[in-house]
Amino acid sequence: MPHIALGSDAPGIRGLFDFRPETAHPLNALAEVLLRGESTLSRGERELIAAYVSSLNECRYCFSSHAAYAAAQLPEGMSLVEQVKRDPETAPISAKLKALLRIAAAVQRGGREVREEDVAAARAEGATDLEIHDTVLIAAAFCMYNRYVDGLATIAPDDPESYAARAARIVSDGYLALLAESGAARRP
């Protein structure tokens, strides 16, 4: 039961966007740029970073959502997402992505936890400055999103199918297109 009356049955952050629609556009625009914009990291890899940080924060709604979005865009699907959640160091992902996930985990613990050695290790595996930047920003943004969702005790469906159905739309249309369909699309 959410801590405040949202006036919406929408789960997670979607209910919060319905409650305060003027926040919906900028927060979705940030997600659109970070997770779907131009990058040398695939959309699936960026969603995987978001899901991993959400799992570290124990945010069930955000993990379930972004795990589904990552799985829909990675050939290995949910199996890989679950492997990364359990232990990214043994997951069958590139050394570069492992290094970026170490940076994301450091950000999740606290911004000052990112050490020069972490950045050097990522660079040694081929990560560019833009990939390092975006990893840090994805991790930081998802710490905010996770705390927003959990801080107001939003609803998180138990049925994985509800997340998978939304994943298909996110993959095909993106965050801003789905926002345009909801009442949260109203802008100040």
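What you see is a predicted model, and the numbers here were worked out from it, not measured in a lab.

1. Focus on the overall build of the protein
Step number 1: Secondary structure summary: the protein contains nine helices and zero strands in total.
Step number 2: Against the compact-globule benchmark of 16 Å for 188 residues, the protein has a radius of gyration of 16 Å, which places it among compact chains.
Step number 3: Considering the protein as a whole, with its 188 residues, one finds that 48% of them fall into the buried category.
Step number 4: A separation threshold of at least 6 residues defines the contact pool for the protein, and within that pool the share at least 24 residues apart is 68%.
Step number 5: Between the mean site of the 20 positive side-chain charges and the mean site of the 26 negative ones, the protein shows a separation of 3 Å.

2. With respect to the environment of Val84
Step number 1: Following the sequence through the fold, Val84 ends up in helix H5 (residues 77-86).
Step number 2: The exposure class assigned to Val84 is buried, which follows from its relative accessible area of 1%.
Step number 3: The spatial distance from the C-alpha of Val84 to the C-alpha of Leu48 is 8.2 Å, given a sequence separation of 36 residues.
Step number 4: Beyond its immediate stretch of four places on either side in the chain, Val84 contacts Leu48, Tyr52, Ala91, Ile93 and Leu101.

3. So, helix H8 (residues 129-151)
Step number 1: Taking 1.5 Å per residue as the helical rise, H8 with its 23 residues ought to reach 33 Å, and the 32 Å between its terminal C-alpha atoms agrees with that figure.
Step number 2: In this structure, the buried side of H8 is in contact with helix H1 (12-19), helix H2 (21-36), helix H3 (43-56), helix H4 (60-71), helix H6 (95-109) and helix H7 (116-124).
Step number 3: Just downstream of H8, Ala153 is the residue with a positive phi angle, here 55°.

4. Quick notes on the state of the cysteines
Step number 1: Evaluated as defined, the whole model comprises zero disulfides.
Step number 2: Just so you know, Cys62 is unpaired, no disulfide at all, and the nearest cysteine sulfur is the one on Cys59, 3.5 Å from it.
Step number 3: Its sulfur unpaired, Cys143 is 10 Å from the next cysteine sulfur, which belongs to Cys59.

5. Focus: the pattern of salt bridges
When their charged atoms lie close together, side chains carrying opposite charge are able to pair.
Step number 1: Throughout the structure, instances matching the rule amount to 11 salt bridges.
Step number 2: For Glu32, the salt bridge is made with Arg36, and the minimal N-O distance between the two is 3.1 Å. Linking Glu32 with Arg36, this pair stays in helix H2, spanning four residues, or about one helical turn. Here Glu32 matches Arg36 in class, with each residue buried.
Step number 3: Of the charged contacts, one joins Arg102 and Glu89 as a salt bridge, the two residues approaching to 2.7 Å between their closest N and O atoms. Here Arg102, found in helix H6, pairs with Glu89, found in the loop between H5 and H6; they are 13 residues apart in sequence, far enough to count as distant.
Step number 4: Residue Arg102 is classed as partly exposed on the basis of its relative accessible area of 34%.
Step number 5: Through salt bridges that share partners, Arg115, Glu117 and Asp118 make up one connected network.

6. Here's the deal with the side chain of Ser55
Step number 1: Assignment of secondary structure puts Ser55 in helix H3.
Step number 2: Ser55 gets classed as buried once you look at its relative accessible area, which sits at 14%.
Step number 3: Filtering out sequence-adjacent residues up to four positions away, Ser55 remains in contact with Phe63 and Lys85.

7. Quick word on the packing of H6 against H8
Step number 1: Across the interface, H6 lies against H8 with an axial gap of 9 Å and an inter-helix angle of 45°. Classed by the angle they form, the pair H6 and H8 counts as oblique. The two elements H6 and H8 cross, and the hand of that crossing is right-handed. Between H6, through Lys96, Leu100, Ile103, Ala104, Val107 and Gln108, and H8, the contact on the second element is made entirely by Glu131, Ile132, Thr135, Val136, Ala139, Ala140, Cys143 and Arg147.
Step number 2: Split into classes, the residues belonging to the contact of H6 with H8 amount to nine nonpolar, two polar and three charged.

Rules and cut-offs
- Residues numbered from 1 in each chain as written.
- Predicted model: local features only at pLDDT ≥ 70, side-chain atom pairs only at ≥ 80, totals over all residues.
- Heavy atoms only, no water.
- Helix = DSSP H or I, 4+ residues; strand = E, 2+ residues; numbered from the N terminus.
- Rg over C-alpha atoms; globule rule 2.2 N^0.38 Å.
- Buried < 20%, exposed > 50% of the residue type's maximum accessible area, 1.4 Å probe, protein only.
- Contact = heavy atoms within 4.5 Å.
- Lys, Arg positive; Asp, Glu negative; His and termini not counted.
- Charge placed at Lys NZ, Arg CZ, Asp CG, Glu CD.
- Expected span 1.5 Å × (residues − 1).
- Disulfide = S-S within 2.5 Å.
- Salt bridge = Lys/Arg side-chain N within 4 Å of Asp/Glu carboxyl O.
- Axes fitted to C-alpha atoms, helices over the stretch in contact; angles between N-to-C directions.
- Parallel < 35°, antiparallel > 145°, perpendicular 65-115°, else oblique.
- Left-handed = near helix turned anticlockwise from the far one by under 90°.
- Nonpolar A, V, L, I, M, F, W, Y, C, P; charged D, E, K, R; others polar.

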